[in-house]
Amino acid sequence: MQTYDLEANGLRGLNSTLQEQNGGTNKTAWEIVNAKGSHAIAVGLNSPIEVTVKGSTGYYCAGMNQQATVRVEGSVGPGVAENMMSGTVIVEGDASQYAGATGHGGLLVIKGNASSRCGISMKGIDIVVHGNIGHMCAFMAQAGNLVVLGDAGDALGDSCYEARFFVRGSVKSLGADCIEKEMRPEHIAILKDLLARAGADAKPEEFKRYGSARQLYNFDVDNAQAY
Amino acid sequence: MSDQDTKIPRTEPIQSATFTNPINAEIRRAAATGIYDIRGGGAKRKVPHFDDLLFLGASVSRYPLEGYREKCETKVTLGTRFAKKPIELDIPITIAGMSFGALSGPAKEALGRGASAAGTSTTTGDGGMTPEERGHSSKLVYQYLPSRYGMNPDDLRKADAIEIVVGQGAKPGGGGMLLGQKISDRVAHMRTLPKGIDQRSACRHPDWTGPDDLEIKILELREITDWQVPIYIKVGGTRPYYDTALAVKAGADVVVLDGMQGGTAATQDVFIEHVGLPTLACIRPAVQALQDLGVHREVQLVVSGGIRTGADVAKAMALGADAVAVGTAALIALGDNDPKWESEYQKLGTTTGAYDDWHEGMDPAGITTQDPELMKRVDPVEAGRRLRNYLKVMTLEAQTIARACGHNHLHNLEPEDLCALTMEAAAMARVPLAGTDWYPGKAGF
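Heads up: these notes are all about the structure in this document.

About the cut-offs
Residues numbered from 1 in each chain as written. Chains lettered and ligands numbered in written order. Predicted model: local features only at pLDDT ≥ 70, side-chain atom pairs only at ≥ 80, totals over all residues. Heavy atoms only, no water. Salt bridge = Lys/Arg side-chain N within 4 Å of Asp/Glu carboxyl O. Helix = DSSP H or I, 4+ residues; strand = E, 2+ residues; numbered from the N terminus. Buried < 20%, exposed > 50% of the residue type's maximum accessible area, 1.4 Å probe, protein only. Axes fitted to C-alpha atoms, helices over the stretch in contact; angles between N-to-C directions. Parallel < 35°, antiparallel > 145°, perpendicular 65-115°, else oblique. Left-handed = near helix turned anticlockwise from the far one by under 90°. Contact = heavy atoms within 4.5 Å. Nonpolar A, V, L, I, M, F, W, Y, C, P; charged D, E, K, R; others polar. Buried area = accessible area lost by both parts, 1.4 Å probe. Polar contact = N/O pair within 3.5 Å; in protein donor to acceptor, adjacent residues only side chain to side chain. Core = buried A, V, L, I, M, F, W, Y, C linked by side-chain atoms within 4.5 Å.

1. Here's the deal with the pattern of salt bridges
- Using the criterion set out here, one finds 44 salt bridges over all chains in the structure.
- Residue A:Arg12 pairs with B:Glu223 through a salt bridge whose shortest N-O separation is 3.1 Å. Placement of the pair is A:Arg12 in helix H2 (residues 11–20) and B:Glu223 in helix H7 (residues 211–224), with the two residues belonging to separate chains.
- Residue B:Glu223 is classed as buried on the basis of its relative accessible area, which comes to 2%.
- Across the pair A:Glu82 and B:Lys217 runs a salt bridge whose closest N-O atoms are separated by 3.4 Å.

This is the structure in structure tokens:
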């Protein structure tokens, strides 16, 4: 285990060190101490290393991650794992706004709650939130899966495309063109896999599935009130 | 006396200045379709522009340089504030961001070829970076857009600069809409969306909401790219003083300011024509902001929106810009709206020079389309050569003017080299009305 003191050695040193680790490195496990809410911790990683952040982080922790597993033993600020391509990000605490925004791939697990706009414009990322999520989550979501073990706030999935949303609790309201959909066997299978990978103690059958009604995919003036 | 003689003469028919024929046609079009007009291109209405300014060549009080003999430098370096590798251009004219998807692949390749041959950069757009574009652009600016279509860190690191697009001159505050008919398999794949559906580009970034957030976003991008390349911030020209100041505060290396004559692939006509400021009106407030913050020339200003000629280039630089970007003009140089396609333009109900339905994907010139047959009409090598020539001509024109004003670098052009033909232009450009030493807003004489 390599330990990096962020307060003592600085953000640039941290990210350049982590980004330099390639597939052949034997320094595969890293622990970051004294994070103290710093922004842009462990961004742009591109190797299968394991990074543990001791404490809470600021904005954009693990942004654009590829391959790496980043675990935050605390809560995260806005934009955790934004535009993630692959790998895994696990947040033991809560997440602020825009968690997993525009993510193209990989798995984001939030053990606590996520604030508004979780999964906004998601493009293939899988997000599992053990707690609740706020309003306008998955706005314009294009692809991937958002799993919520708790409740969802207002306007879930507004203007979404082909992303899937699985919610166990209540949904305060659905956004434009988002509807409840049939839970078919293939969806149970997807959900079962995601729950297992996220370490979530829940049964797929307890969830409802939501997604696009596909009524607003092509502009029609008669739908103007829906936009 | 006959009845004919006593008849009261009729007045001459007068067209309404308010209900003009184009306005009436638009009313009839709206009534027939129930939807507003969507189109490409930029603003078509006449607004104060660079044509309303004149240069004051040297005579006795100023000493000119010899044309074709004495050197007038054109190089410009962008991103000298924080980036380890600023972008060095041979000419202060760059190619504005235009997306693969809105433009055909051959057109994007031609832009790269032409810009590289002229020693300048080109810019990606919504839709991400294509291998052809990177391969044919010696210097490529990667746009970081609200949609984040095709965005990935590998491409980010291949870029020579990153341009965070906050706004666009043709539609500041507005998003885009690439209609389904232009969504080929490849475009759909790059944007992670099904083929054939309309693709909305968001009007705001999904993961930050203000200048303080933007500062942190820039930090993230720099951390991902090892602080190597410049970070541009592109804004639509609406509140240029404050937007420029806040972009500087957020940490921009370069501010790109796009006036209302800037182009677009597709948006509402009412938006194009009625939102934003003329390019001419944007420059001095932006320069003022840079000067007030003590960073003029340290944070470079790139101006775009209706730049067409070397005179436009020289005037923008005289007002304080470090460089300009061309979009629509570059497409025309490639061959869009070329008279040789007139019969086909007429079949589409339009004419050469007026074709702007770029969103429909039926561009006879093969430039703003994804139709495989139409795309074949663009020879990337020949179109690139045309663009290179055009960029060179504009540079030569600007140099000619600068020499006549006594300057050995385009950057040495200054507002004192200019006067205005109209009160409006004088006020916007803050240069004297021709033949006077006064402009609106300036106290005393």
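There is more to say, and it comes next.
2. Section: the packing of H7(B) against helix H8 (residues 240–250) of chain B
Residues and elements named next belong to chain B.
- One can describe the packing of H7 onto H8 by two numbers: an axis separation of 8 Å at closest approach and a directional angle of 40 degrees. The angle between the axes of H7 and H8 places the two elements in the oblique class. Judged by the sense of rotation from one axis to the other, the crossing of H7 with H8 is right-handed. From H7, Pro 211, Asp 212, Leu 214, Glu 215 and Ile 218 reach across to H8, where they touch Leu 246, Lys 249 and Ala 250.
- Residues belonging to the contact of H7 with H8 are distributed by class as follows: five nonpolar, no polar and three charged.

3. Digging into the interface of chain B and chain A
- At the junction of the two partners, chain B supplies 42 residues and chain A supplies 35 residues.
- Buried area between chain B and chain A, both sides added, is near 3,300 Å², and the carbon and sulfur share of it is 56%.
- Where chain B touches chain A, the interface holds four salt bridges.
- The interface formed by chain B and chain A includes 17 residue pairs in polar contact (both at pLDDT 80 or more).
- Those elements giving two or more residues to the side of chain B that touches chain A turn out to be helix H5 (153–158), strand S10 (199–201) and H7 of chain B.
- With eight residues, H7(B) is the largest single contributor of residues to the side of chain B that touches chain A.

4. A few points about the nonpolar core
- If you look at the biggest cluster of nonpolar residues, it comprises 143 residues, and the most contacted ones within it are A:Ile41, A:Val80, A:Leu108, A:Leu146 and A:Phe165.
- With eight residues, the single largest contributor to this core is helix H15 (residues 380–404) of chain B.
- Beyond its immediate chain neighbours, meaning those up to four positions away, A:Leu146 contacts A:Cys118, A:Met122, A:Ile127, A:Val129, A:Ile133, A:Ala138, A:Leu156, A:Arg164, A:Phe165 and A:Phe166.
- Counting residues in each nonpolar core, the second largest holds 14 residues, with A:Val128, A:Leu149, A:Phe166 and A:Leu191 among its members.

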